[in-house]
Amino acid sequence: MYSGELEVQAKRKTIAILQEVTNKILNLSRELAVMTDAVILENKDGIKESSYKMNILENDILILRKQITREVIAIGSLMTYREDLLRTAYFVDEISGYISGISFRLSNIEPKIIKQNFELELKSMVDIIINVIFKINEMSRTLTIKPENTIELASEIQRIEMEVDKKYREVTIKALDKITSQKDLILFKDTIEGIEGMVDKCQQASNSFTILALSI
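Below, the structure is looked at part by part. From a predicted model like this one, the values you see are computed outputs, not experimental measurements.

Criteria and cut-off values
- Residues numbered from 1 in each chain as written.
- Predicted model: local features only at pLDDT ≥ 70, side-chain atom pairs only at ≥ 80, totals over all residues.
- Heavy atoms only, no water.
- Helix = DSSP H or I, 4+ residues; strand = E, 2+ residues; numbered from the N terminus.
- Buried < 20%, exposed > 50% of the residue type's maximum accessible area, 1.4 Å probe, protein only.
- Lys, Arg positive; Asp, Glu negative; His and termini not counted.
- Salt bridge = Lys/Arg side-chain N within 4 Å of Asp/Glu carboxyl O.
- Polar contact = N/O pair within 3.5 Å; in protein donor to acceptor, adjacent residues only side chain to side chain.
- Contact = heavy atoms within 4.5 Å.
- Axes fitted to C-alpha atoms, helices over the stretch in contact; angles between N-to-C directions.
- Parallel < 35°, antiparallel > 145°, perpendicular 65-115°, else oblique.
- Left-handed = near helix turned anticlockwise from the far one by under 90°.
- Nonpolar A, V, L, I, M, F, W, Y, C, P; charged D, E, K, R; others polar.

**Brief notes about the side chain of Glu31**
Piece 1. With respect to the secondary-structure elements, Glu31 resides in helix H1 (residues 3-40).
Piece 2. One buried charged side chain, Glu31, makes no salt bridge at all; its nearest oppositely charged neighbour is Lys53, positioned 4.5 Å away.
Piece 3. Polar contacts involving the side chain of Glu31 include one to the side chain of Ser50, which spans 2.8 Å.
Piece 4. When near neighbours in sequence (up to four residues on either side) are disregarded, Glu31 contacts Ser50, Lys53 and Met54.

Here it is as structure tokens:
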């Protein structure tokens, strides 16, 4: 089998794995939304169940990311865009890490604080997480269908990133005014900082997807 055919096969396999990763991260973000509702309702069993499901997804994502690395190493220098692919995979993997941190902090905040003061804002920000990761997932799928569409999706993610920055500043000011418990203030502030940081990481992943689309 000649090298060009090997590269094509490797490309299809690694991109398919990358698509599976982004799909699992999308499911991870949806489970975060379920956990958010459970926190607001003070449903401890619901929080535990969501945490369990998220741990399984995180382990699946880690395994898939390692698969991508192995595939790229196996094909070696025959894959001309291997660095772009690995960089994209690592950015996407970091997104799941942010979601894990957000869920941990969220599950340890006093629920009444959120329900009484931040229910709408927090739900809105979690919805944004799902929306931006949905677009990342779409970017991974356009790589094999219509790579040029990644540029359009990237501009949408940039718009979302600007929207989240604004919400983050507004909610931070409100938190400093409404939350008197130092512990809950730190946890809540870290939660919304995690959301803002995750969207920034999605912006980096989006840029990386665009470079990857131009490479292949």
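**Regarding the side chain of Glu196**
Piece 1. By the element assignment, Glu196 lies in helix H7 (residues 182-215).
Piece 2. Among buried Asp, Glu, Lys and Arg side chains, Glu196 stands out as unpaired, with Arg169 the closest opposite charge at 7.0 Å.
Piece 3. Dropping the residues within four chain positions of it, Glu196 is found in contact with Val164, Asp165 and Tyr168.

**Re unusual backbone geometry**
Piece 1. One non-glycine residue, Glu42, adopts positive backbone phi at about 55°.
Piece 2. Structurally, Glu42 can be placed in the loop between H1 and helix H2 (44-75).

**Here's the deal with the packing of helix H6 (residues 149-178) against H7**
Piece 1. Where H6 contacts H7, the two axes come as close as 10 Å, and the packing angle between them is 170°. Relative to H7, H6 is oriented roughly antiparallel. Crossing angle aside, the handedness with which H6 passes H7 is left-handed.
Piece 2. Of the residues contributing to the contact of H6 with H7, the split by class is 15 nonpolar, six polar and six charged.

**Description of the pattern of salt bridges**
Piece 1. Per the counting criterion, the structure on display carries 14 salt bridges.
Piece 2. Of the charged contacts in the structure, one is a salt bridge between Glu94 and Lys201, with a shortest N-O distance of 2.8 Å. You can see Glu94 sitting in helix H3 (residues 82-106) and its partner Lys201 sitting in helix H7, a full 107 residues away along the chain.
Piece 3. Since its relative accessible area comes to 36%, Glu94 is described here as partly exposed.

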